[in-house]
Amino acid sequence: MKKSIAKTVSAIGIFGVSIAASLYSRPLSAAPFLERDGQYEINWTSGKIRFYGVGKMEASEDSLRPAEQRAWADGLRLAEHNIPILMSSRLGGAKSINAQRISKLSTDTTSVTTTYFGDTRVKVILEASIQKIAPQLIAPVPASSAVTATGGGLVIKLPKGVKPAAFVSILDEHGREMVSANLSIAAAQTGASMVKWFKTEAGSAEGLSQAPVILGTSTERGVIRIKSIDWKPDYAQQVAHGNAAFVIQ
């Protein structure tokens, strides 16, 4: 039985290497905003963090299932420790807390691909939502009384080199705060979507093809500056409730 499984695994391994998506592969037509740090990939467009784990089939086992389960456990164990470190500098205007370990990551994690190698190793690519993770990493914010945003959204174009953040503050040229990070945090804590980041242009599927476009600048992660003449009061709710996109030109 074990010999038969070994042959099957070997065949799967050869086949899997040729077709299985790697951690960083994706359709050529897509242009998400990605940041990579070690074995972690942050997709600021989809709002997901991707990572992986590896397990190996033991000699006493007649199935690859335990190896796959160990791969899951391996990825989750490292992610629970490393993701708080990874995100601590990417929360923008949010005040981070000293979260040494995030809880319940397994319940918010899904499998993207599973690759079976000829040497009986199993690699699983896993994905978790930033929106589920971020509230565990930031200090509590009083609930916002603001209503849900309505309207056609907003696109803010930023120059090349600007770094994305989970929550942003938007200031005008006089330093007046047009959107506070706390407004977005409070909305996210009640289930509102988070803003998306794009390269070159916002996707039409996001419903932002007809949204107004304004220009901004940023020299500090999580702080955006715009001209007051370009700003309208209802834009604040568009940003706070994730009905907005930042586009790096």
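Scroll up to find the structure.
Calculation rules
Residues numbered from 1 in each chain as written. Predicted model: local features only at pLDDT ≥ 70, side-chain atom pairs only at ≥ 80, totals over all residues. Heavy atoms only, no water. Buried < 20%, exposed > 50% of the residue type's maximum accessible area, 1.4 Å probe, protein only. Helix = DSSP H or I, 4+ residues; strand = E, 2+ residues; numbered from the N terminus. Pairing = 2+ DSSP bridges. Salt bridge = Lys/Arg side-chain N within 4 Å of Asp/Glu carboxyl O. Core = buried A, V, L, I, M, F, W, Y, C linked by side-chain atoms within 4.5 Å. Contact = heavy atoms within 4.5 Å. Axes fitted to C-alpha atoms, helices over the stretch in contact; angles between N-to-C directions. Phe/Tyr/Trp six-rings, centres within 6.5 Å; stacked < 30°, edge-to-face > 60°. Lys NZ or Arg CZ within 6 Å of the ring centre and 35° of its normal. Polar contact = N/O pair within 3.5 Å; in protein donor to acceptor, adjacent residues only side chain to side chain. Arc of directions from axis to C-beta. Expected span 1.5 Å × (residues − 1).

Participant: Explain the pairing of strand E5 (residues 121–129) residue by residue, including any values.
Facilitator: Of all 9 residues making up E5, 7 are buried, and the element is well covered by its neighbours. Judged from the 9 bridges that link them, strand E3 (residues 48–56) and E5 form a sheet pairing that is antiparallel. Within the sheet, the bridge partner assigned to Arg50 lies in E5 and is Glu127. By the bridge criterion, 7 bridges tie strand E4 (residues 109–116) to E5 in an arrangement that is antiparallel. When the sheet's bridge partners are listed, Ser111 is paired in E5 with Leu126. Between E4 and E5, which follow one another and run antiparallel, lie 4 residues, and Thr120 among them has a positive phi close to 70°.

Participant: Lay out the pattern of salt bridges with the relevant residues and their values.
Facilitator: In the structure shown here, the tally under the stated rule is 11 salt bridges. Where Glu35 meets Arg90, a salt bridge forms, and the shortest distance between an N and an O atom there is 2.9 Å. Here Arg90 lies in the loop between helix H2 (65–88) and E4 and Glu35 lies in strand E1 (residues 34–37), a separation of 55 residues in the sequence. Its relative accessible area of 13% is what places Glu35 among the buried residues. Residue Arg90 is classed as buried on the basis of its relative accessible area, which comes to 9%. Salt bridges sharing common partners tie together Glu35, Asp37, Arg90 and Arg221.

Participant: Could you give an account of the nonpolar core, with specific residues and numbers?
Facilitator: Within the largest apolar cluster, 58 residues are counted, with the highest numbers of intra-cluster contacts made by Ile49, Phe51, Ile83, Phe167, Ile170, Trp197 and Trp231. No other element matches the 7 residues that H2 contributes to this core. Sequence-distant contacts of Phe167, defined by excluding residues within four places in its chain, comprise Leu91, Gly92, Gly93, Ala94, Ala134, Ile138, Ala181, Ser184, Ile185, Ala188, Met194 and Gly222. The next biggest cluster of nonpolar side chains, apart from the first, holds 6 residues, and it includes Val155, Phe198, Leu208 and Ala211.

Participant: Can you tell me about the sheet that holds E1, naming the residues and giving the values?
Facilitator: Read from one edge of the open sheet, 5 strands run E1-E2-E3-E5-E4, paired in antiparallel fashion. Each end of this open sheet is capped by a strand with a single partner; those strands are E1 and E4. Each neighbouring strand pair of the sheet contributes to a mean axis angle of 20°, computed without reference to strand direction. Both E1 and strand E2 (residues 40–43) contribute to a ladder of 4 bridges, which runs antiparallel. Counterpart to Leu34 in the pairing with E2 is Asn43.

Participant: Quick one: what's the story with the packing of aromatic side chains, residue by residue and with numbers?
Facilitator: This structure, assessed with the given rule, holds 3 aromatic pairs. Judged by centre distance (5.4 Å) and plane angle (90°), the rings of Trp231 and Tyr235 are edge-to-face. Across this residue pair, the class does not change: Trp231 and Tyr235 are buried. Across the ring face of Tyr52, the terminal group of Lys123 is positioned such that the distance to the ring centre comes to 4.4 Å.

Participant: Kindly report on the environment of Arg77, identifying the contributing residues and their values.
Facilitator: By secondary structure assignment, the location of Arg77 is in helix H2. Judged by relative accessible area, Arg77 falls into the partly exposed class, the value being 48%. Within the local environment of Arg77, its side chain forms a polar contact with the side chain of Asp74, the two groups lying 3.0 Å apart.

Participant: Got a sec to walk through helix H3 (residues 130–137)? Specific residues and values, please.
Facilitator: Those residues of H3 lying buried are Ile130, Ile133, Ala134 and Leu137. Buried residues of H3, viewed axially, fall in a sector of 105°; they line one side. As for H3, its buried residues are in contact with E2, E3, H2 and E5. Capping of H3 at its N-terminal end is provided by Ser129; its side-chain oxygen lies 3.2 Å from the backbone amide nitrogen of Gln131.

Participant: Please set out H2 residue by residue, giving values where relevant.
Facilitator: Since there are 3.6 residues in each turn of an α-helix, residues three or four apart along the chain are aligned in direction. End to end, H2 covers 35 Å across 24 residues, agreeing with the expected 34 Å (1.5 Å per residue, within 8%). All buried positions along H2 are accounted for by Ala67, Glu68, Ala71, Gly75, Leu76, Ala79, Glu80, Ile83, Pro84, Leu86 and Met87. Those residues of H2 that are buried lie in contact with E1, E2, E3, E4, E5 and H3.

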